[in-house]
Amino acid sequence: MKQFLKVCFISVILFIPFTNVSAKSYGLDTSWQYADFSVIHSGKSTLYESSSNKKDIIVAINAGHGTSNVNGKKTYCHPDKSAKVTGGTTAAGETMAVAVSSGMEFQDGTSEAVVTLKVAQKLKSKLLSEGYDVLMIRNGSDVQLDNVARTVIANNIAEMHIAIHFDSTSNDKGAFYMSVPNNDSYRSMSPVSSYWQSHHELGDALISGLKQSGVKIYSSGSMPMDLTQTSFSTIPSVDIELGDKKSDISDAAIDKYADGLLNGILEYSGESRITPITNPTDPGDSSDDEDDSSDDENDSDSEDDDENNSSDNSNESNGGAAEDWGDQVGDQSPIEIADPSEGCETIFKNSDGSFNELGQFMQDLFTLIKFAAPVLVIALSTVDYAKALSAQNADEMKKAHIKFGKRLILGVAVFLLPFILDLMFELFGLYGLDTCGIR
């Protein structure tokens, strides 16, 4: 029995350090401004806090695409319910857009959502090491939060919001950000009127950082687009397109994208390793970008018609404009990040949510302990009762009853250990902790 207790104790000690001890979860608070515009909001985002050199700045990172079971749900494009002023996944003149689009696929068949999550997780690790806190809007292969919900959560938790995407063209386009269109009615709409310049400042800084890291930049680095994200944002907010279907998505490229975005965030925060931008551009005045974006919009309009006539999200996003984001459900290769703050997603699990070798070992170990406990309770108690009966001793029988009761309680406790841990975390308000799906 003592050996059994030792195994249980060691298993718990080994297991607890792998929980997300530095994380907190945030869902959509219905009292927040614009929250009532959301139609998909049962999911949660995760806040990771830096353990050293803290800057007390929270960066919201939104890995583009991937909410499942959207089934044609739509949200208003603007808080005032006015019509869009540019094309995109949703055509100009429309007042409602698909709540979350599914994104495109790269030439090798990898979904956009897989790659944006890799970039987001790599960037998260780099930001934490620099002292920034990170709000991961999407922390796995699927999150039930639509465009509006993601934006509203970022508005209320973070100081800046960066959505990561790739364009759906196929010519190795280069990186650019979606700027606020130079349209009087749009720029005068609340909350755009108060924040569009800060959106541009953040976008310019990100492009500068990417350029410094050797990432190819498209044209002037921006394209005007009327997005749900910026239409509802009350903090500096940017949709950054890191490339397109033909872009390099190797591990080295992923690291380069993350380095570039980190450089841009440092620049925007005044800690730049490169020369800061003093005058943000007004991409709405760029005739070259307008010409290019109009071509992309024409491509995306036809896809938008397909979306409007279908209850399912297509796997192709617009030709150049990412109107929507959300988690793409698809196969993901393991993301190898050594930072211990990564938690369950990179310690126990592959990116598709399945257990890796360590996770499977822990699951098998806990399964063995769970089912060994009741077997041992029955076996040991049978021996005790047999001894008491053979001795025909009332005291021995009483001791056997007591031992059986203690063993039964211990066996049930071991069997329910993961559920007990989850309950304790919730009771003490540690909502970011979990048992990594191990049951």
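About the criteria used
- Residues numbered from 1 in each chain as written.
- Predicted model: local features only at pLDDT ≥ 70, side-chain atom pairs only at ≥ 80, totals over all residues.
- Heavy atoms only, no water.
- Helix = DSSP H or I, 4+ residues; strand = E, 2+ residues; numbered from the N terminus.
- Buried < 20%, exposed > 50% of the residue type's maximum accessible area, 1.4 Å probe, protein only.
- Contact = heavy atoms within 4.5 Å.
- Areas by Shrake-Rupley, 256 points an atom, 1.4 Å probe, with all protein chains shown as cover.
- Pairing = 2+ DSSP bridges.
- Lys, Arg positive; Asp, Glu negative; His and termini not counted.
- Salt bridge = Lys/Arg side-chain N within 4 Å of Asp/Glu carboxyl O.
- Polar contact = N/O pair within 3.5 Å; in protein donor to acceptor, adjacent residues only side chain to side chain.
- Axes fitted to C-alpha atoms, helices over the stretch in contact; angles between N-to-C directions.
- Parallel < 35°, antiparallel > 145°, perpendicular 65-115°, else oblique.
- Left-handed = near helix turned anticlockwise from the far one by under 90°.
- Nonpolar A, V, L, I, M, F, W, Y, C, P; charged D, E, K, R; others polar.

### Digging into the overall build of the protein
Here's step 1: Looking only at helices and strands, the protein features 12 helices and 10 strands.
Here's step 2: Scored against the burial criterion, the 439 residues of the protein give a buried share of 54%.
Here's step 3: For the protein, the proportion of contacts with a sequence separation of at least 24, taken over those separated by at least 6, is 80%.
Here's step 4: Total accessible area on the protein is roughly 18,700 Å²; 53% of this is exposed by carbon and sulfur atoms.

### Here's the deal with the pairing of strand 2 (residues 45-48)
Here's step 1: Here strand 2 shows no split at all, with Ser-45 and Leu-47 on one side and Thr-46 and Tyr-48 on the other all buried.
Here's step 2: Pairing of strand 1 (residues 23-26) with strand 2 involves 4 bridges; the strand directions are antiparallel. The residue bridging Ala-23 from the neighbouring strand is Tyr-48, located in strand 2.
Here's step 3: Bridging between strand 2 and strand 6 (residues 133-136) involves 3 bridges; their strand directions are antiparallel.

### Comments concerning the side chain of Asp-244
Here's step 1: With respect to the helices and strands, the residue Asp-244 is situated in the loop between strand 10 (237-241) and helix 7 (251-268).
Here's step 2: The buried charged residue Asp-244 lacks any salt bridge, with Lys-173 as its nearest oppositely charged partner at 6.4 Å.
Here's step 3: Side-chain polar atoms of Asp-244 contact the backbone nitrogen of Lys-173, separated by 3.0 Å.
Here's step 4: A polar contact of 3.0 Å, which involves the side chain of Asp-244, links it to the backbone nitrogen of Lys-246.
Here's step 5: In contact with Asp-244, not counting residues within four places along its chain, are Met-104, Phe-106, Phe-166, Asp-167, Thr-169, Ser-170, Asn-171, Asp-172 and Lys-173.

### Focus: the environment of Thr-46
Here's step 1: Mapped onto the fold, Thr-46 is located in strand 2.
Here's step 2: The buried category is assigned to Thr-46, whose relative accessible area is 11%.
Here's step 3: Each C-alpha atom, one on Thr-46 and one on Arg-138, is 7.7 Å from the other, the two residues being 92 residues apart in sequence.

### Brief notes about the packing of helix 2 (residues 112-129) against helix 7
Angle between the axes and distance between the axes: these two values describe a pair of packed helices.
Here's step 1: The interhelical angle for the contact between helix 2 and helix 7, taken along N-to-C directions, is 50°, at an axis separation of 9 Å. Taken as axis vectors, helix 2 and helix 7 run oblique relative to one another. As for the relative orientation of helix 2 and helix 7, their crossing is right-handed in sense. Between helix 2 and helix 7, the residues in contact are Val-115, Lys-118, Val-119, Lys-122, Leu-123, Lys-126 and Leu-127 and Ile-254, Asp-255, Tyr-257, Ala-258, Asp-259, Leu-261, Leu-262 and Ile-265, respectively.
Here's step 2: For the contact of helix 2 with helix 7, a count of residues per class yields 10 nonpolar, no polar and 5 charged.

### A few points about the pattern of salt bridges
Here's step 1: Here the structure, examined in full by the defined rule, presents 5 salt bridges.
Here's step 2: Where Lys-126 meets Asp-255, a salt bridge forms, and the shortest distance between an N and an O atom there is 3.1 Å. In this pair, Lys-126 sits in helix 2 while Asp-255 sits in helix 7, placing the two residues 129 residues apart along the sequence.
Here's step 3: Classification of Lys-126 as buried rests on a relative accessible area of 16%.
Here's step 4: Here the salt bridges do not stand alone but share partners, grouping Lys-126, Asp-255 and Asp-259 into one network.

### A few points about the sheet that holds strand 10
Here's step 1: Read from one edge to the other, the open sheet built from 8 strands follows the order 1-2-6-3-7-10-8-9, with strand pairing classed as mixed. Among the strands making up the open sheet, the edge pair consists of strand 1 and strand 9 (217-224). With strand direction ignored, the average angle separating the axes of adjacent strands in the sheet is 25°.
Here's step 2: With 2 bridges joining them, strand 8 (residues 175-179) and strand 10 adopt antiparallel strand pairing. Bridge pairing in strand 10 places Phe-176 opposite Glu-241.

Keep in mind these numbers describe shape, not what the thing actually does.
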